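Next come the chains, spelled out residue by residue.
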Amino acid sequence: IWLLLEHCSQGDMKNFLLINRDDIMEGLQNSPPNKSLNIRLLIKWAHDIAKGMEYLSLKKIMHGDLAARNILITEFDHENYVAKITDFGLSKAFYDKTTYAKEERRNVPWKWMDVDFLETSIFTMSSDVWSFGVVFWEMLSVGRTPYPGANPNDTIKEIKAGLRLPPPDEISQIKWLVECYNEVTKKCWLSNPKQRSTFSNFVQTFETYLTT
């Protein structure tokens with residue numbers, strides 16, 4: 001069996017953010033219009049990912065491991081960077097089912113996992129929505145790891161009790177971006193999966209921000 005994949009020359013988003021952190025931070029603080037590594041690029045990436053996840057959800061496919069490390073960056077015209085979803089090793093087709101019970105819980109990437117999954121070991125189509133919120137935090141923190149140095153058991157208890165990642169320090173001086181972060185993640189991190197937003201709604205949200 002041969003599997004043909006597009007070559008994404010810039011590697012994964014996590015490393016791209018870390019390698020280009022200084023330039024991106026400069027673009028966040030005082031971005032000239034002609035510079036590619038700026039705030040608009042991060043919003044555009046969020047839109048790219050939301051579009052990809054919207055497509056998957058319409059096909060009733062759950063990704064199951066959405067994180068910056070599993071987003072690849074390619075480029076057109078040298079500086080027009082595009083984010084594309086990859087690594088479907090944990091993906092699951094739901095079709096007529098609405099939930100999926102994971103059989104093994106060893107080595108799960110808990111920092112990206114839906115709080116409902118941490119409680120029940122059951123995935124739903126809304127589990128990816130929770131993970132998307134963490135990916136958005138990773139992007140706006142320019143590659144930092146969520147809950148740095150946290151003890152898994154203690155932090156999971158705190159998440160179940162209502163702990164959520166605050167806006168990253170990197171964007172603290174950009175009022176509209178903090179508001180965007182709060183708007184998006186609030187809809188991602190509701191404890192009840194049925195109350196979370198859809199990726200179609202996120203596509204519209206980011207299109208509004210890109211337009212304005």
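Scroll up a little and you will see the structure.
A brief structural summary.

What counts and how
- Residues numbered from 1 in each chain as written.
- Predicted model: local features only at pLDDT ≥ 70, side-chain atom pairs only at ≥ 80, totals over all residues.
- Heavy atoms only, no water.
- Helix = DSSP H or I, 4+ residues; strand = E, 2+ residues; numbered from the N terminus.
- Buried < 20%, exposed > 50% of the residue type's maximum accessible area, 1.4 Å probe, protein only.
- Areas by Shrake-Rupley, 256 points an atom, 1.4 Å probe, with all protein chains shown as cover.
- Expected span 1.5 Å × (residues − 1).
- Polar contact = N/O pair within 3.5 Å; in protein donor to acceptor, adjacent residues only side chain to side chain.
- Core = buried A, V, L, I, M, F, W, Y, C linked by side-chain atoms within 4.5 Å.
- Contact = heavy atoms within 4.5 Å.
- Salt bridge = Lys/Arg side-chain N within 4 Å of Asp/Glu carboxyl O.

1. Focus on the overall build of the chain
Thought 1: Looking only at helices and strands, one finds eight helices and six strands in the chain.
Thought 2: Listed N to C, the secondary structure of the chain is α-α-α-β-β-β-β-β-α-β-α-α-α-α in terms of helices and strands.
Thought 3: The buried share among the 212 residues of the chain stands at 48%.
Thought 4: Counting every atom, the chain has about 11500 Å² of accessible surface; 51% of that belongs to carbon and sulfur.

2. Considering helix H3 (residues 39-58)
Thought 1: Across its 20 residues, H3 extends 29 Å between first and last C-alpha, which sits within 8% of the 28 Å expected from 1.5 Å per residue.
Thought 2: Of the residues flanking the start of H3, the one acting as N-cap is Asn38, its side-chain oxygen 3.2 Å from the backbone nitrogen of Arg40.

3. What about the nonpolar core?
Thought 1: Core analysis: the largest hydrophobic core is formed by 62 residues, its most contacted members being Met13, Trp45, Ile49, Phe132, Phe136 and Phe206.
Thought 2: Of all the elements, H3 adds the most residues to this core, at ten residues.
Thought 3: Residue contacts for Phe206: discarding those within four places in its chain leaves Ile43, Ala46, His47, Ala50, Phe132, Phe136, Cys180 and Val184.

4. What to know about the pattern of salt bridges
Thought 1: Considering all chains together, one arrives at seven salt bridges under this definition.
Thought 2: When the shortest N-O distance is used, the salt bridge between Arg21 and Glu170 registers 2.7 Å. Placement of Arg21 in helix H2 (residues 21-30) and of Glu170 in the loop between helix H6 (152-160) and helix H7 (175-188) is noted, with a sequence separation of 149 residues between them.
Thought 3: Given the relative accessible area of 13%, Glu170 is considered buried.
Thought 4: A single salt-bridge network, built from bridges that share partners, covers Arg21, Arg144 and Glu170.

5. A closer look at the environment of Gly11
Thought 1: Topologically, Gly11 is positioned in the segment before helix H1 (13-19).
Thought 2: Between the C-alpha atoms of Gly11 and Thr74, which are 63 residues apart in sequence, the distance is 7.5 Å.
Thought 3: What Gly11 contacts, discounting residues up to four positions off in sequence, is Ile71, Leu72 and Ile73.

Read these as layout, nothing more, since geometry by itself doesn't imply function.
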